[in-house]
Structures are given as structure tokens and as C-alpha cells.
Amino acid sequence: MRIRVVLPAHLRTLARVDGEVELDLDGHPTQRLVLDALEARYPMLRGTIRDHATLRRRAFVRFFACERDLSHDSPDAPLPEPVASGAEPFMVVGAMAGG
Amino acid sequence: MSEVRVLVGTRKGAFVLKSDENRKKWKVSGPQFAGWEIYHLKGSPADPDRVYASQSSGWFGQLIQRSDDGGETWEPMGNEFQYDGDAGTHQWYDGTPHPWEFARVWHLEPSLADPDTVYAGVEDAALFRSEDGGKSWRELPGLRTHESGPSWQPGAGGLCLHTILIDPTDPERMFIAISAAGVFRTEDGGGTWRPANRGLKSEGLPEPEAQVGHCVHRIAMHPSRPNVLFMQKHWDVMRSDDGGESWREVSGNLPSDFGFPIHVHAHEPDTIYVVPIKSDSEHYPPDGKLRVYRSRQGGDEWEPLTKGLPQKNCYVNVLRDSMAVDALDDCGVYFGTTGGQVYASADGGDSWSPIVRDLPPVLSVEVQTL
């Protein structure tokens, strides 16, 4: 199953990718499976989206998809079908807090 | 011909400034890590091409970057800073217990002998060490778990370990400083630590001469005299001649003894530099005049150095890690400001000129003499 992930600009720079990231997953995607696969492919992203030890989402990071805020969903909840099918991306977003 | 490389960390990226030994024409490159806070960059004394950088952001946390070509290219290293065991609590601003939480790396101090060994001073205050070039980090918990730890409290910038001095004659002997806990010394490579604050007096403490709790802003040492330490405290400039066993005030005729950086001349162990700041709430120079003060007697008697520095309407600050010296015969002195200027003097402070005027606020300045 190939899904699409959109990273914020600073994390794209860090991971040295342009545009969206495509990840192949086994099984229906969840936040945890997506982030596990993302960090396995791009180890430099470890700790930047979720805490190393607790795996909790960092406070200024949000997860959106299909025009919904999934930030507070369980990390093991299935992501929406359009994300699973690759029709819609899973978006990692930096909180709107310029600085 | 020698070359000088100035490593500048700012609120929005890192810059590398290069010149030859004349230090007149400079090449400015950067920003590296654009948009990220770069609290500190420092090169390895054992391999000057090896440079470590602390990169952080409120959104995405802490990263450690390493260059093996003098800052031209960088690779992200390990960024897992886990306190050893149950981290416990320190004192919060209001005096209540507050859990120890990692926020960022303030200072990176490479080993004097091994390019792969580097220390990291972090907020909330603790000391970490990497022995594999920054790939992995392990806390030296003897410091944080000192019996006084639960009483440490953050300064305005956080509970930060900001200074790490390694004794060149004995790498097992180190001094660190924490705002606001004070100076600690180890003789066993970081296993055990003793407070080294006798003689300090801080009116903000219920017991002004307490063993621990002082807001030490920076300490400095000349490598030829590891038992002589200089300190810029929140208020007061101090000196120790016995490796931190005791301190005496050497503020002398300074117009204000509040400030952040303190540094020692490369070749004259009793020539020291500070930048007086008006007060703890007015973080700018007294009278709007940016003046470096130099003492050639290791304190007590100070002279203002003003040539080339703005002497009216100047309201910038100079942060604690934002001053450094080079090792050329006529010692160069450098400092960066929160207004984005990096000033250089190629004559020990007698005269100054800006290398660059409009960087983001400067957090740190280090110099490599190549």
C-alpha cells in the first residue's frame, strides 16, 4: 500500500526531499505505521515529529488529512480510506505560530 | 598564511565568516540551517575541520549537526538526549517542584584531544557526552543528581548548562556553570561533582551566600592557568585563583557589573574582557554606548574600549556565548550582538569594526585559528 506524506518545509530540507514523500506500508495505515516508516526511511527525522522515548507528538506539530485534524486521534486508529489509497496525503504540519 | 574562521550561531541559522591573518577582508557564508535557532557551533581543537552545531526549533526540537570539512557541508547526527533514570524535579520560578524536561542544547564542547568526543550542556541542566562523533549521547548523571539538584531554579533563559571548561592539564577535571545553580567542578571526568561557589553573593537568594543557586552567566579560563577562573555573574564580575574553591569580586570601576560574556586574551592570561549591560531588566549597554571593558590586571581596574563601536543610541545585548578570541600574535577579539552585528578587533580590543552588520540576533561566536 503506497501512501503520500506531506512534510513541512524545514523537515523536507532536513530529510533532503522535494515535494511529497511516498511510503509503502504493509496493512492499513495508522499514524504510528506512517511515522515508523517515515523515520525508518529518513532517520534524521527521528525526534522532530514525535518524542524519541514516549513517541508522543511534539506540541507544535499537527497531523491533518482529508481536511480533518487527526492530531488527537489514537496513533493506532486507521487513517481515512483516501489516505490509505493514496488519493489524499497525510500531512505533518507545523503549528501556525510564526517566529 | 594563517586563516581565521568565525562560527556564528543566530536565531535563524548559522554563518561562517572567514579572513586571512590580516583580518581586514571577510567572506561571509550562510545561512546554514536557515530558520532554525543555532545556539552554538564549535570546532574540535584536535581536528579543526570537525565542527559541531546545535540546531533547534520550538516546532521540531533538537538536532545535532556535524561538519567534517570546516562548515562547508553538514550531516545530522544523533539527537536523543534522555536523562538517566527518573529525572526528578528542580525548582520552578515560583519555588514549586517542576519535572526535569529536556529543551535544547546550549553549548557543545569538543574534547581537547579526541575529535569524536564532545560534551553537550543542555536545558534543563545536565551534561551529556558523545564518544562517537555525536551519533549517540549519554548523560553524566552525577551532576544533575547532585544533592542540591532539586533546589536549582531556571534563570530567565531557562535552567541551562551553558559553560563547559576542560582543564588542558587534566581532562578529567572540568568546570561547568548553570543558570541558576552556579559552578560545579569534577575531578573524575564527570562522575562526581562539587559546587564551587564560595564567595559568590546573590541578593535574589534567601541566603545570599548559599553554596548553590547563583545565576552564573559565564566562566572563562586561560589554558596556561587552569586554576585561575573568571566569572561574569548575573551581577558581579568575579575571580578565583584556586580552581573555584573561593571567589572574590573584581568588578572594580566597571560602569555596571551586570553582563553576560567574559573572555581571556589568547596570550595574556591576566587580560580579560567583559561587556557591561545596564541591568537585569534593561538588557542593553549603559548610556546607549556599546563598550567592551578590558582589564590587564585580571580584574579590579578596567578600561573602556570604544573605538569603532557605536557610542550613542545603541541598545543591543551581547549574550554569554557571543564572545571569542583568535590565537594570532596580535590577539583578535570578536563578539556578536542581538542586533545582528559581529564586531572584530585585530589589536586586542583597541579598535573595532563590524565584519557583518545585519545578521539575525547572534546567540554564539566561536573562532578557529587555522
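Keep in mind that what you see is a predicted model, and the values were worked out from it rather than measured. (Residues numbered from 1 in each chain as written. Chains lettered and ligands numbered in written order. Predicted model: local features only at pLDDT ≥ 70, side-chain atom pairs only at ≥ 80, totals over all residues.)

Novice: Provide a residue-level description of the overall build of chain B, including the pertinent values.
Specialist: For chain B, the count of helices and strands is 0 helices and 30 strands. In terms of overall dimensions, chain B is globule-like: its C-alpha atoms have a radius of gyration of 19 Å, near the 21 Å expected for 370 residues. Based on the C-alpha atoms only, the size of chain B along its principal axes is roughly 50 × 45 × 40 Å. Buried positions account for 52% of the 370 residues belonging to chain B. For chain B, contacts bridging at least 24 residues in sequence account for 50% of all contacts bridging at least 6. (Helix = DSSP H or I, 4+ residues; strand = E, 2+ residues; numbered from the N terminus. Rg over C-alpha atoms; globule rule 2.2 N^0.38 Å. Buried ≥ 20, exposed ≤ 12 C-beta atoms within 10 Å, placed from the backbone. Contact = placed C-beta atoms within 7 Å.)

Novice: Describe the overall build of chain A, listing the residues and the values that go with them.
Specialist: For chain A, the helix and strand inventory stands at 3 helices and 5 strands. When the elements of chain A are put in sequence order from the N terminus, they spell out β-α-β-α-β-β-α-β. With respect to the three principal axes, the spread of C-alpha positions in chain A is 35 × 25 × 25 Å. The long-range share in chain A, meaning contacts at least 24 apart out of those at least 6 apart in sequence, stands at 57%.

Novice: So what's going on with the nonpolar core? Which residues, and what values?
Specialist: Across soluble globular proteins, you tend to see nonpolar side chains buried next to one another. Membership of the largest hydrophobic core comes to 104 residues, with the highest contact counts inside it found for V8(B), I176(B), I219(B), Y334(B) and V342(B). Judged by nonpolar contacts, the second largest core, of 22 residues, contains I3(A), V34(A), L35(A) and V83(A). (Core = buried A, V, L, I, M, F, W, Y, C linked by C-beta atoms within 7 Å.)

Novice: Got a sec to walk through the sheet that holds strand β25 (residues 303-305) of chain B? Specific residues and values, please.
Specialist: All names here are of chain B. Strand order in this open sheet of 4 strands is β22-β23-β24-β25, and the pairing throughout is antiparallel. Each of the sheet's edge strands pairs with one partner strand only, and the pair in question is β22 (262-264) and β25. If you compare each strand with its neighbour and ignore which way they point, the axes differ by 30 degrees on average. Pairing geometry for strand β23 (residues 272-274) and strand β24 (residues 292-295), over 3 bridges, is antiparallel. Paired with I272 across the strands is S295, a residue of β24. (Pairing = 2+ DSSP bridges. Axes fitted to C-alpha atoms, helices over the stretch in contact; angles between N-to-C directions.)

Novice: So what about the sheet that holds strand β7 (residues 75-76) of chain B? Which residues, and what values?
Specialist: Residue and element names in this part refer to chain B. In space, the 4 strands of this open sheet follow the order β4-β5-β6-β7, with antiparallel pairing throughout. Two strands in the sheet have a free side with no partner beyond their single neighbour: β4 (37-43) and β7. Sheet topology places β4 next to strand β5 (residues 51-57); 6 bridges connect them, and they run antiparallel. Residue pairing for β5: I38 is matched across the bridge by Q55.

Novice: Can you lay out the interface of chain B and chain A for me, pointing to particular residues and giving the numbers?
Specialist: Between chain B and chain A, the contact holds 11 residues from the first and 14 residues from the second. Grouping the constituent residues of the side of chain B that touches chain A by class yields 4 nonpolar, 6 polar and 1 charged. (Nonpolar A, V, L, I, M, F, W, Y, C, P; charged D, E, K, R; others polar.)

Novice: Would you mind going over the pairing of strand β2 (residues 13-20) of chain B in detail, with residue names and values included?
Specialist: Residue and element names in this part refer to chain B. In the sheet, strand β1 (residues 3-10) pairs with β2 via 8 bridges, with the strands oriented antiparallel. Considered in β2, the bridge of G9 is made with A14. Connecting β1 to the antiparallel partner β2 that follows it, the hairpin turn spans 2 residues. Where β2 lies against strand β3 (residues 27-32), 4 bridges are found, and the strand directions are antiparallel. By the bridge assignment for β3, V16 is matched with S29. With antiparallel pairing between neighbouring strands as the criterion, β2 and β3 make up a hairpin whose turn holds 6 residues, including R23 at a positive phi of roughly 55 degrees.

Novice: Outline the environment of A84(A), listing residues and values.
Specialist: All names here are of chain A. Looking at where A84 falls in the secondary structure, it is placed in helix α3 (residues 81-84). We classify A84 as partly exposed; it has 19 C-beta atoms within 10 Å. Through-space distance from the C-alpha of A84 to that of A95 is 24 Å; in sequence the pair is 11 residues apart.

Novice: Residue-level account of the confidence of the model for chain B, with values.
Specialist: When the pLDDT values of chain B are averaged, the result is 97; 100% of them are 70 or greater. The complex prediction reports pTM at 0.97, with the ipTM value standing at 0.94. (pLDDT = per-residue confidence, 0-100.)

Novice: Give me the lowdown on the environment of I219(B), citing residues and values where you can.
Specialist: Residue and element names in this part refer to chain B. Mapped onto the fold, I219 is located in strand β18 (residues 216-221). When the 26 C-beta atoms within 10 Å are taken as the criterion, I219 is described as buried. For the pair I219 and P261, spaced 42 residues apart in the sequence, the C-alpha separation amounts to 8.1 Å. Apart from residues lying up to four places away in sequence, I219 is in contact with T163, L165, F175, A177, V183, L229, F230 and M231.

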